[in-house]
4 protein chains.
Amino acid sequence: MNTPEPNQLHNGTLEVRVRYNECDPMGVAHHSRYPVWFEMGRTELLRATGWTYRQFEEEGVFLAVIDLAVKYRKPARYDDLLTLHTYVEGGSRVKIKHRYELMCGEALLATGRSTLACLARGGAVRRIPDLLMKIIGEAESVENS
Amino acid sequence: MNTPEPNQLHNGTLEVRVRYNECDPMGVAHHSRYPVWFEMGRTELLRATGWTYRQFEEEGVFLAVIDLAVKYRKPARYDDLLTLHTYVEGGSRVKIKHRYELMCGEALLATGRSTLACLARGGAVRRIPDLLMKIIGEAESVENS
Amino acid sequence: MNTPEPNQLHNGTLEVRVRYNECDPMGVAHHSRYPVWFEMGRTELLRATGWTYRQFEEEGVFLAVIDLAVKYRKPARYDDLLTLHTYVEGGSRVKIKHRYELMCGEALLATGRSTLACLARGGAVRRIPDLLMKIIGEAESVENS
Amino acid sequence: MNTPEPNQLHNGTLEVRVRYNECDPMGVAHHSRYPVWFEMGRTELLRATGWTYRQFEEEGVFLAVIDLAVKYRKPARYDDLLTLHTYVEGGSRVKIKHRYELMCGEALLATGRSTLACLARGGAVRRIPDLLMKIIGEAESVENS
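Residues numbered from 1 in each chain as written. Chains lettered and ligands numbered in written order. Predicted model: local features only at pLDDT ≥ 70, side-chain atom pairs only at ≥ 80, totals over all residues.

Draft legend 1. Region of the structure containing the overall build of chain A. Tallying secondary structure elements over chain A gives three helices and five strands in all. Each of the 145 residues in chain A was classed as buried or not, and the buried ones make up 41%. For chain A, contacts bridging at least 24 residues in sequence account for 68% of all contacts bridging at least 6. (Helix = DSSP H or I, 4+ residues; strand = E, 2+ residues; numbered from the N terminus. Buried ≥ 20, exposed ≤ 12 C-beta atoms within 10 Å, placed from the backbone. Contact = placed C-beta atoms within 7 Å.)

Structure (structure tokens):
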């Protein structure tokens, strides 16, 4: 895969400071916090397009995680300032796939992938709004080029 | 529904095991977890009356915490099995007051107090349902006797 | 310590009540809570052998999650009483693999897998204590039989 | 009390974005998150002095919350960008008191107070390091002027 242009639609960068309560008796960030940071990455990635998840929810569009995978390579510690890179990797009429890289300085701490399903209020699967389809389409054409 | 015995209306006992992710680098339960346990205590206290918060919410009755105070005396540790005592202390047409005692064996770890406001869907203050009023009324007559 | 029956070594069952604060604006348990429940499942699975993670940690043996995968099939709701089945699936001299099934009544809500690495205080990889090796060995012989 | 000078030692300002997982089925930030934000406020307040809690912990100085009080006035919602003001209010040789104001734009969402005790590794009470004493002393002289 060629390196894509730094397109605001395809990837986003978020800085996150590790909170004290996110760390466990081993003195490192608990593994359950990484999905929370990934979700923040998705929130900021969408915001960069000029829309927000909150707006989607207000219009009855919900995005639910249906699968998640994380590989933990190095621990994150209290007060570390982390950088999360979030990428759209593709999807379908009803799903979106993301990929994540969590860094501390030059060190790669963790990688992850997730799939979101698009739901209507009440939980029925629904088509992804055209705006998000456009983002997915552009991500796929980069992947395939 | 038959009226339960008064002691079930006024206080409830909950056992809670301290989770690994609830503990911080000091090796003890983080102070932000106690309000979560108190909420569980309220949930179980109400269940003992034959009703559940979930039922209330389904009928558009929401209870929001408007003040909270906690005194932390001794730490709770990972895997400790704690006992939480929850009491209704009184209230008004729109508020309920609770008091909490968190024990580990014979040791008193923490005490707390909270006030809940009764809200309608959307957030407007509303009258507390009669069932809860009855609980409050009985608690007050015990306090005042 | 007497050797427990093999079935206690290989899988464990945990009941967990969905807490209010674990649910998000969609009204369902947030996906980041499932890894927390899985960890509770591992804690109880080990307890069934007569040992606890807390004892291991006190002796300088730490188990860190190095990969995690979850498939979310149906949502869990506030106050649902869930049943989590946790299985040891194998491992090596320094790793343990688990598998999880989260049920609500007869409904399968989610499945998961994780790998733990065994670490010494300070974070260096170390051999898994013999007791855990024994559990892994028995799990593998069941898988392969 | 006169308005103090905007002294980095006495008060600090933190912006915090409300995370999706911090919101509950009422669609607002769960009340147990506020103590987490207050702790972040203390972390940033100390950083403004040129020191960090992490450094203190590495030198065996721990600060444990021994009491906490919060008044919740208006809800915080998903994706709101909040501003937290944290103040040192005084203390003693072994305790520090803080006060908090949480804003969303011009709206005051919540206020809080906490007391921290200074502990050595293992949990025994110990004298507060001179650096922190200096901060407390300056805060008290402002309060008393």
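Picking up where we left off.
Draft legend 2. A look at the relation of the copies chain C and chain A. Of the transformation placing chain C onto chain A, the axial shift is 0.0 Å and the rotation is 180 degrees, giving an RMSD of 0.0 Å. Within this description, the copies of the chain are treated as partners about a two-fold rotation axis. Identified as the residue of chain C closest to the rotation axis by C-alpha distance is A69 of chain C, at 2.1 Å. Mapped onto chain A, 100% of the interface residues of chain C are again interface residues, and the two copies thus contact each other with one and the same surface. (Least-squares fit on C-alpha atoms with pLDDT ≥ 70 in both.)

Draft legend 3. Focus on the interface of chain C and chain A. Listed by partner, the interface residues are 19 residues for chain C and 19 residues for chain A. Within the residue set of the side of chain C that touches chain A, elements represented by two or more residues are α2 (34-47) and β2 (61-72) of chain C. Of the residues belonging to the side of chain C that touches chain A, the class tally is 13 nonpolar, three polar and three charged. Strand direction decides the pairing type here: strand β2 (residues 61-72) of chain A and β2 of chain C, joined by five bridges, are antiparallel. Each residue of the ladder has a partner; that of A69 of chain A, found in β2 of chain C, is A69 of chain C. (Nonpolar A, V, L, I, M, F, W, Y, C, P; charged D, E, K, R; others polar. Pairing = 2+ DSSP bridges.)

Draft legend 4. Inspection of the relation of the copies chain B and chain A at higher detail. In the superposition of chain B on chain A (RMSD 0.0 Å, axial shift 0.0 Å), the rotation amounts to 180 degrees. By residue overlap, the copies meet face to face through one surface: 100% of the interface positions of chain B are interface positions in chain A.

Draft legend 5. Just the pairing of strand β5 (residues 107-120) of chain B, in detail. Residue and element names in this part refer to chain B. Of the pairings in the sheet, the one linking strand β2 (residues 61-72) to β5 comprises 11 bridges and is antiparallel in character. What sits directly across from L68, in β5, is S114. Pairing between strand β4 (residues 95-104) and β5: 10 bridges, direction antiparallel. Bridge pairing in β5 links R99 to R113. Between β4 and β5, which follow one another and run antiparallel, lie two residues, and G105 among them has a positive phi close to 60 degrees.

Draft legend 6. Layout of helix α1 (residues 34-47) of chain D. End to end, α1 of chain D covers 20 Å across 14 residues, agreeing with the expected 20 Å (1.5 Å per residue, within 8%). By the criterion of burial, α1 of chain D is predominantly enclosed, with 10 of the 14 residues buried. (Expected span 1.5 Å × (residues − 1).)

Draft legend 7. Spotlight on the interface of chain B and chain A. The partner chain A presents nine residues to the nine residues of chain B that form the contact. Split by residue class, the side of chain B that touches chain A holds four nonpolar, four polar and one charged.

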